[in-house]
Amino acid sequence: MVALRWPDGVRCPTCGNETVSFLEHQERWQCSKKHPKRQFSAKVGTIFEDSPIALDKWLPAVWEVVNCKNGISSYETARALGVTQKTAWFMNHRIRLAMQTGSFEKMAGEVEADETFIGGLARNMHKDKKAKITGTGGAGKAIVMGLLDRHSAKVRLMHVPNTQQETLQTHVRRYVQGGSYVFTDAFAGYHGLDQDYVHNVIDHAERYVDGNVHTNKIENFWSLLKRGLKGTYVSVEPFHLFRYLDEQAFRFNERKGTDADRFSNAMRSIIGRRVTYKKLIGERPSAAA
Ligand SMILES: [Zn+2]
């Protein structure tokens, strides 16, 4: 983690000074300049900073979250790390939050757009919480919209409030470069995309594939996503759904590397942010976009 965070040598996170000494007994560094917080650990300025949990538990937790194909439940993490389920839940959520992709380049070329309903969310929930999720979609279901770039084979997921034209097309226009080839089914929510895109429509009432006109790749992703949600998680509250989406998207997008590659990439994005958890949740209050 130290090598990933400071590839050119350890620097003071407060003033940027490169002259620091390692205090072996405290397992901390000390900046040669005199200022407040001159002693620091590798956790300072990262999402791990304001947590009492040590890195020997955080790092294996990151490894598990980024590498378990169908996602990992807080019960499994708790058992593996010897922490309470509540602590494990908190750790996994913090990791997922940090895995959210920050800046985003627009997709281009050939892009599949589709939406799906995630059902059964209310099943294992307490009564008073169930009330909260009505109105998120058909019969308490959450709606997820996905864009899949065929060339890079990467997905972008959005938890959307409805399937109206304006909602769906706003996301397409935000994340897909004008002039690209966009592939959708015949759903009316996508009518009008041909103003800005080469819009290819596959009418599932007639057939599923017509040459390269299909939405098979995003639909394969949906089945992967649903398998993960059903098989692993006891319940996903809509409020937290976007974090699971981010996690699944990350794992899918990084699927070609090894477990160690995924771990390094996740760690780079986690510690590269150098923002604490409080800042992270303050800056990203909602995942709708
Ligand atoms: Zn300093």
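Each chain has its residues counted from 1, running along the sequence as written. Totals for whole chains, interfaces and linings use all residues, but because this is a predicted model, local features are given only for residues with pLDDT of at least 70 and pairs of side-chain atoms are given and counted only at 80 or more. The side-chain values count all of the structure's non-hydrogen atoms but skip hydrogen atoms and water molecules.

A. Structural view of the overall build of the protein. A count of helices and strands for the protein gives ten helices and eight strands. Residue exposure (1.4 Å probe, protein chains only): buried if accessible area is under 20% of the type maximum, exposed if over 50%, otherwise partly exposed. For the protein, the residues scored as buried account for 45% of the 289 residues in total. Per-residue and other accessible areas follow the Shrake-Rupley method at a 1.4 Å probe size, with only the shown protein chains counted as cover for residues. Here the protein displays about 14800 Å² of accessible surface, and carbon together with sulfur accounts for 51% of that area. Only DSSP runs of H or I reaching four residues or more are called helices, and only runs of E reaching two or more are called strands; each is numbered from the N terminus.

B. Here's a closer look at the coordination of the zinc ion. Note on the zinc ion: its protein donors are Cys12 (SG), Cys15 (SG), Cys31 (SG) and His35 (NE2). The metal-donor distances range over 2.0 to 2.4 Å. Coordinating N, O and S atoms are those within 2.8 Å of the metal (3.2 Å for Na, K and Ca), and as water is not part of the atoms, a site may appear to have fewer donors than expected. Metal sites are grouped by the angles between bound donors: all angles between 85 and 135 degrees with four donors is tetrahedral, opposite donors over 155 degrees apart with the others between 65 and 115 is square planar for four donors and octahedral for six, and any other pattern is irregular. Around the zinc ion, the four donor atoms sit at angles spanning 106 to 112°, and that spread fits a shape best called tetrahedral. Sequence spacing of the donor residues for the zinc ion, all on one chain, is C-x2-C-x15-C-x3-H. Here histidine 35 lies in the loop between β2 (28-31) and β3 (39-40) and cysteine 15 lies in the loop between α1 (2-5) and β1 (20-23), a separation of 20 residues in the sequence.

C. A look at a positive patch on the surface. To count toward a patch, a residue needs a relative accessible area over 30% and no salt bridge; like charges are then connected within 9 Å, while nonpolar side chains (Val, Leu, Ile, Met, Phe, Trp, Tyr) are connected within 5 Å. We count a salt bridge whenever a side-chain nitrogen from Lys or Arg sits within 4 Å of a carboxyl oxygen from Asp or Glu. We score Asp and Glu as negative and Lys and Arg as positive, and we do not count His or the chain ends. All charge positions are set by atom: Lys at NZ, Arg at CZ, Asp at CG, Glu at CD. A cluster of like positive charges, contributed by Lys154, Lys217, Arg255 and Lys256, occupies part of the molecular surface. Here lysine 256 is to be found in the loop between α8 (238-253) and α9 (259-272).

D. Structural context of unusual backbone geometry. A positive phi angle, near 55°, is found at glutamate 27, a position not held by glycine. The topology assignment puts glutamate 27 in the loop between β1 and β2. The backbone of alanine 153 shows a phi angle near 55°, a positive value even though the residue is not glycine. Take alanine 153: it is sitting in the loop between β5 (142-149) and β6 (154-160).

E. The environment of leucine 241, seen in detail. Position of leucine 241 among the secondary structure elements: in helix α8. Counting along the chain gives 123 residues from leucine 241 to isoleucine 118, while the straight-line C-alpha distance between them is 9.6 Å.

F. Region of the structure containing the packing of helix α2 (residues 55-67) against helix α4 (residues 85-98). Running from N to C, α2 and α4 point in directions that differ by 65°, and their axes come no closer than 10 Å. As α2 packs across α4, the resulting crossing turns out to be right-handed. Mapping the contact onto sequence places Lys57, Trp58, Ala61, Val62 and Val65 in α2 and Phe90, Met91, Asn92, Arg94, Ile95 and Arg96 in α4. Amino acids are sorted into nonpolar (Ala, Val, Leu, Ile, Met, Phe, Trp, Tyr, Cys and Pro), charged (Asp, Glu, Lys and Arg) and polar (every other residue, Gly among them). Each residue belonging to the contact of α2 with α4 can be placed in one class, and the counts come to seven nonpolar, one polar and three charged. All axes here are fitted lines through C-alpha atoms, helices being fitted over the stretch that makes contact, and every angle between N-to-C directions spans 0 to 180 degrees. When the near helix sits turned anticlockwise from the far one by under a right angle, the crossing is termed left-handed; a clockwise turn instead gives a right-handed crossing. Contacts are residue-level and defined by heavy atoms, with any inter-residue pair within 4.5 Å sufficient.

G. Seen up close, the packing of aromatic side chains. Stacked, tilted and edge-to-face pairs are distinguished by plane angle, under 30 degrees for stacked and over 60 for edge-to-face with tilted covering the rest, among Phe, Tyr and Trp rings (Trp via its six-membered ring) whose centres lie within 6.5 Å. All told, the structure shown has ten aromatic pairs when counted by the stated rule. Ring centres of tryptophan 63 and phenylalanine 263 lie 5.2 Å apart, and the angle between their planes is 45°; on these two criteria the pair is classed as tilted. Placement of tryptophan 63 in helix α2 and of phenylalanine 263 in helix α9 is noted, with a sequence separation of 200 residues between them. Overall, tryptophan 63 belongs to the partly exposed group, its relative accessible area being 33%. Taking the centre distance of 6.1 Å and the plane angle of 75° together, the rings of phenylalanine 187 and tyrosine 190 count as edge-to-face. You can call tyrosine 190 buried: its relative accessible area is 0%. Ring pairing ties together the aromatic residues Trp6, Phe22, Trp29 and Phe40, which thus form one cluster.

H. Structural detail: the sheet that holds β1. Pairing is antiparallel across the open sheet formed by three strands, whose spatial order is β1-β2-β3. Every interior strand has two partners, whereas the edge strands, β1 and β3, have only one. Alignment of β2 against β3, held across two bridges, turns out to be antiparallel. The partner of glutamine 30 across the bridge, within β3, is glutamine 39. Only when DSSP finds a minimum of two bridges between them are two strands counted as paired.

I. Looking closely at the environment of glutamate 166. Following the sequence through the fold, glutamate 166 ends up in helix α6 (residues 165-175). For the pair glutamate 166 and glycine 189, spaced 23 residues apart in sequence, the C-alpha to C-alpha distance is 7.8 Å.

J. Fine view of the sheet that holds strand β7 (residues 181-185). Taken in spatial order, the five strands line up as β6-β5-β4-β7-β8 in an open sheet, and their pairing is mixed. This sheet does not close on itself; its edge strands, each paired only once, are β6 and β8 (198-202). Within this sheet the neighbouring strands show an average axis-to-axis angle of 25°, counted without direction. Where β5 meets β6, seven bridges bridge the pair, whose relative direction is antiparallel. Following the sheet pairing, aspartate 149 is matched in β6 by lysine 154. Contacts between α6 and the sheet are confined to β4 (110-118), β5 and β6, with β5 contributing the most and set at about 30° to the helix.

K. Representation of α6 within the structure. Turning to α6, its buried residues are Thr167, Leu168, Gln169, His171, Val172 and Tyr175. Contacts made by the buried residues of α6 are with β4, β5 and β6.

L. Seen up close, the packing of helix α3 (residues 74-81) against α4. Orientation of α3 relative to α4, taken along the N-to-C sense of each, is 110°, at an axis distance of 8 Å. Relative to α4, α3 is oriented roughly perpendicular. Like other packed secondary-structure pairs, α3 and α4 cross with a definite hand, here right-handed. For the pair formed by α3 and α4, the contact residues are Ser74, Tyr75, Thr77, Ala78 and Leu81 on the first element and Gln85, Ala88, Trp89, Met91 and Asn92 on the second. A class-by-class count of the residues in the contact of α3 with α4 yields six nonpolar, four polar and no charged. Here the angle decides the label: under 35 degrees means roughly parallel, over 145 means roughly antiparallel, 65 to 115 means roughly perpendicular, and every other value means oblique.

All quantities given are derived from atomic positions and should not be read as evidence of function.
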